[in-house]
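What follows is the residue order along each chain.
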Amino acid sequence: MLNIPEAVHQRYQRLKSELNHHNHAYYVLDDPSIPDSEYDRLMRELQDIEQQYSELRTPDSPSQRVGGVALDSFSQVKHEVPMLSLDNAFSDQEMSDFDRRIKDRINLESSQHLAYACEPKLDGVAVSLIYEQGLLMRGATRGDGSVGEDITANVRTIKSIPLRLRGDDFPELLEVRGEIYMPREGFNEFNTKARETGDKPFVNPRNAAAGSLRQLDSKITATRPLEMCAYSVGQYQGSQKPDSHFAMLRMLGTLGFKINQHIKQVEGIDACEDYYQQLASLRDQLDYDIDGIVYKVNDFKLQERLGFVAKAPRWAIARKFPAQEEMTRLLDVEFQVGRTGAVTPVARLEPVFVGGVTVGNATLHNADEINRLGVCVGDTVIVRRAGDVIPQIVKAVLEKRPQGAQPIIFPERCPVCQSSVKRTEGEAVARCTGGLFCGAQTKEAIKHYASRKAMDIDGLGDKLVDALVDHDLIYSVADLYELKLEKLINLERMAQKSAENLLNSIEASKQTTLPKFLFSLGIREVGEATAQTLANNFGTLDTVIAATAEQLLEVEDVGPIVARHIVDFFRNPDNLSIVEALRKSGVQWKDIDQTAQALPLKGQTWVLTGTLETMSRAEAKDRLQQFGAKVAGSVSAKTHAVVAGPSAGSKLNKAQALDIQVLTEQSLIDFLDNL
Ligand code: IVH
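These figures come from a predicted structure and were not determined experimentally.

1. Details of the overall build of the chain
Reasoning step 1: Of the regular secondary structure elements, the chain holds 24 helices and 26 strands.
Reasoning step 2: Principal-axis analysis of the C-alpha atoms places the extent of the chain at approximately 85 × 70 × 55 Å.
Reasoning step 3: A buried classification covers 49% of the 675 residues belonging to the chain.
Reasoning step 4: Across the chain, the fraction of contacts at a sequence separation of at least 24, relative to all contacts at a separation of at least 6, is 67%.
Reasoning step 5: Carbon and sulfur atoms provide 49% of the accessible area of the chain, an area that totals close to 33,700 Å².
Reasoning step 6: Looking at the chain, you have 78 positive and 94 negative side-chain charges, and the mean spots of the two groups are 3 Å apart.

2. Considering the pattern of salt bridges
Reasoning step 1: One pass over the structure, following the stated rule, counts 38 salt bridges.
Reasoning step 2: As a salt-bridge pair, glutamate 45 and arginine 11 come within 2.7 Å of each other at their nearest N and O atoms. Of this pair, glutamate 45 sits in helix α2 (residues 36–52) while arginine 11 sits in helix α1 (residues 6–28), and the two are 34 residues apart along the sequence.
Reasoning step 3: Judged by its relative accessible area of 29%, arginine 11 falls in the partly exposed class.
Reasoning step 4: Of the charged contacts in the structure, one is a salt bridge between aspartate 60 and lysine 16, with a shortest N-O distance of 3.3 Å. Linking aspartate 60 in the loop between α2 and β1 (76–78) with lysine 16 in helix α1, this pair joins segments that are 44 residues apart in sequence. Side by side, aspartate 60 and lysine 16 carry an identical accessibility label, which is buried.
Reasoning step 5: A cluster of three or more residues bridged by salt bridges with shared partners is formed by Arg11, Glu38, Arg41 and Glu45.

3. Side note on the pairing of strand β5 (residues 135–141)
Reasoning step 1: Within β5, 5 of the 7 residues are buried, which leaves the element mostly enclosed by the surrounding structure.
Reasoning step 2: Across 6 bridges, strand β4 (residues 125–132) lies against β5 in antiparallel orientation. The partner of tyrosine 131 across the bridge, within β5, is leucine 136.
Reasoning step 3: As consecutive antiparallel partners, β4 and β5 are separated by 2 residues, and within that stretch glutamine 133 has a phi angle of approximately 50°, a positive value.

4. Thoughts on unusual backbone geometry
Reasoning step 1: Phi is positive for aspartate 456, which is not a glycine, with a value near 55°.
Reasoning step 2: Position of aspartate 456 relative to the elements: it lies in the loop between α12 (439–450) and α13 (462–470).
Reasoning step 3: A positive phi angle, near 70°, is found at glutamate 525, a position not held by glycine.
Reasoning step 4: Inspection of the secondary structure assignment puts glutamate 525 in the loop between α16 (514–520) and α17 (528–538).
Reasoning step 5: On the basis of relative accessibility, which here comes to 52%, the residue glutamate 525 falls in the exposed class.

5. Let's talk about the packing of helix α22 (residues 617–626) against helix α24 (residues 665–673)
Reasoning step 1: Across the interface, α22 lies against α24 with an axial gap of 11 Å and an inter-helix angle of 35°. As α22 runs across α24, the sense of the crossing is left-handed. Seen from α22, the contacting residues are Ala620, Arg623 and Leu624; seen from α24, they are Leu668, Leu672 and Asp673.

6. A word on the packing of α12 against α13
Think of two packed helices as two axes; the pair is described by the angle between the axes and how far apart they sit.
Reasoning step 1: The N-to-C vectors of α12 and α13 enclose an angle of 135°; their axes lie 10 Å apart at closest approach. In this view, α12 runs oblique relative to α13, as classed from their interaxial angle. For the pair α12 and α13, the crossing hand works out as right-handed. Along the contact surface, α12 presents Lys443, Ile446 and Lys447, while α13 presents Asp462, Val465, Asp466, Val469 and Asp470.
Reasoning step 2: Of the residues belonging to the contact of α12 with α13, the class tally is 3 nonpolar, no polar and 5 charged.

7. Thoughts on the sheet that holds strand β9 (residues 264–267)
Reasoning step 1: Taken in spatial order, the 5 strands of this open sheet run β2-β13-β10-β3-β9, and their pairing is mixed. Because the sheet does not close on itself, it has two edges, and the strands there are β2 (88–89) and β9.
Reasoning step 2: Helix α8 (residues 245–254) contacts β3 (115–122), β9 and β10 (290–297) of the sheet and is inclined by roughly 50° relative to β3.

8. Some remarks on the site of the ligand
Reasoning step 1: Glu119, Leu122, Glu179, Tyr231 and Lys296 are the nearest of the 14 residues found near the ligand.
Reasoning step 2: Between the ligand and the protein, one listed contact pairs an oxygen atom with a side-chain N or O atom of lysine 121 at 3.2 Å.
Reasoning step 3: Measuring from an oxygen atom of the ligand, one finds a side-chain N or O atom of glutamate 179 at 2.5 Å.
Reasoning step 4: Burial of the ligand by the protein chains amounts to 87% of its free accessible area of 520 Å².
Reasoning step 5: Secondary-structure elements contributing two or more residues to the shell around the ligand are β3 and β10.
Reasoning step 6: The biggest single contributor to the shell around the ligand is β3, with 4 residues.
Reasoning step 7: Broken down by class, the residue content of the shell around the ligand amounts to 9 nonpolar, no polar and 5 charged.

9. With respect to α2
Helical periodicity: at 3.6 residues per turn, an α-helix aligns residues three or four positions apart in one direction.
Reasoning step 1: In a regular helix each residue adds 1.5 Å, so 17 residues correspond to 24 Å; α2 covers 24 Å between its end C-alpha atoms and thus fits that length.
Reasoning step 2: Within the span of α2, buried status applies to Tyr39, Leu42, Met43, Leu46, Ile49 and Glu50. Down the axis of α2, the smallest arc covering the buried residues is 120°, so these residues share one side. Seen from the buried face of α2, the exposed residues on the opposite side, beyond 90 degrees, are Asp48, Gln51 and Gln52.
Reasoning step 3: In the core, the buried residues of α2 are packed alongside α1.

10. Quick notes on the environment of alanine 440
Reasoning step 1: Counting through the fold element by element, alanine 440 comes out in helix α12.
Reasoning step 2: A relative accessible area of 10% means that alanine 440 is categorised as buried.
Reasoning step 3: For the pair alanine 440 and glutamate 580, spaced 140 residues apart in the sequence, the C-alpha separation amounts to 23 Å.

What counts, and where the lines are drawn
- Residues numbered from 1 in each chain as written.
- Predicted model: local features only at pLDDT ≥ 70, side-chain atom pairs only at ≥ 80, totals over all residues.
- Heavy atoms only, no water.
- Helix = DSSP H or I, 4+ residues; strand = E, 2+ residues; numbered from the N terminus.
- Buried < 20%, exposed > 50% of the residue type's maximum accessible area, 1.4 Å probe, protein only.
- Contact = heavy atoms within 4.5 Å.
- Areas by Shrake-Rupley, 256 points an atom, 1.4 Å probe, with all protein chains shown as cover.
- Lys, Arg positive; Asp, Glu negative; His and termini not counted.
- Charge placed at Lys NZ, Arg CZ, Asp CG, Glu CD.
- Salt bridge = Lys/Arg side-chain N within 4 Å of Asp/Glu carboxyl O.
- Pairing = 2+ DSSP bridges.
- Axes fitted to C-alpha atoms, helices over the stretch in contact; angles between N-to-C directions.
- Left-handed = near helix turned anticlockwise from the far one by under 90°.
- Parallel < 35°, antiparallel > 145°, perpendicular 65-115°, else oblique.
- Nonpolar A, V, L, I, M, F, W, Y, C, P; charged D, E, K, R; others polar.
- Near = heavy atom within 4 Å.
- Polar contact = N/O pair within 3.5 Å; in protein donor to acceptor, adjacent residues only side chain to side chain.
- Expected span 1.5 Å × (residues − 1).
- Arc of directions from axis to C-beta.

See the structure below:
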């Protein structure tokens, strides 16, 4: 390295360690320390130096995570310490049997408590990572436990896996084991995109992780949102090993690995059961799939004494959760029509207990998905319900197809209004073309209009809207304001008092704001935030109505698709006559003064986090938006200010790291009052 100037060398080392530090903060601790733009700048500087002085570039450089040349095949590797599997327990009884067996073996009184480490059982792919002198040398799959596949190039692309161990206090040889998984959000995004582009979606996050790791081209793996959590070690040489599992996990955390944040050390089997209940109730909220809990005897000496049977240790067990995938029969498919006319096939299933609830319906998404699954009515299917995502059919079990199974035919006419169903080129969704003549679209449009964030008509729930439309009492939102008490009380289960209350809420809804009104019209792709921006930018309804696509495109956050939907909406004479009728009935709002004084927060993005005590989040958001601010859900370098209530967490940390001003709820109120 003689030809490299010392200053460049030093700068290069500094950049490497800074980037590694920020990478760790971002991917392992979920707690970013600098804005993305600054990270990108440092990375570019590092890459520029590597470009000029290629001999500086080492495999542990933060620039080396993008994947390399594709392989022809994976080579096989031997696990010096076998990768074991776990015995399963399915009940409390099997858990206490496990506890008793251990106590018997180590001659512990049954009344005494053993210390256990409790961990979520992550549903992904097991991996072994070998570090020599702190450098990642090899990544391998479990395979059959003694021989796996070399997936080094692929694991190197996973940002939560350190390429070099942190600090300088580590064993010469360290084999870290853990689970590589795909978080639900990344999985759902991947599948949504795959469905849109006609690619094959993954069946579940575990398959997604396995499929991504099986790529011979590591550049593909690099594009997949994979993470890794460490949960044990294999080979360990060259320093004193910690004396318990928990201490080992702590050490792995210090060395730069992600450790699951729900791990807990407990005493005794009853505490294990409490932990199981706690995690079972958290399961749906986690952002990754877990299929159970792993309990491990904490003390390494005891683990050694207990040893193994066949391929599983005696000192650990997996307590399984109820399955998130089950088999059942597809009884029928119905086609539902939504507010925007989207026709969605809904599978009617023989009820089955899956993911903790009884499921009778599942979405089939669209015609492409039906074709892809090749599913027929009468088929046995695999249903998946994970988290609070709506249940999905992931597969038809073809071996079980009965004679006479009926192919599913996507309707050419709307099942509600008989208008034709059309599919726009390039879109997966098919839509009923009946517009507001379609009873289904009318009902959904009215439900949206009455909803809390729109016109907030108390007492006008979904069932009542269905009844009003089915009894020909209303045909559009404008008819709501013509409803009469005598007609209402003739409806089934409608008492005089509730009818009066409903009429009062309908009357009260006449006083609204321009953004709420714009939102309530249900224009495609115009959510609350867009409605607010439109109101702030145009000030009056008539200017929004008259706006051309070009004028709309000038508004921040309005893209060509939204602009087209807005223009189309107001070009439709039926929609215009409904808007007119609403204004005639007395629906009114104050136009928005667009002078700079009226919108002092224009161009600023604010974030609300933690619990607010004197006003609701919605109120705080409304008030900020009225002054022209945008209210976003996440903190970035572009955030102007963050309002943090008690219990604020990572958003507050990020704001502090980025040096963004943080206000308390009271200081927000004072600030707004003085505007
Ligand atoms: S410990 C001897 N801990 O479960 C101990 N395994 O059926 C072996 N797994 O192949 C593993 N989360 O892929 C352990 N916190 C956890 C785990 C975990 C998921 C997987 C792992 C293993 C399988 C065992």
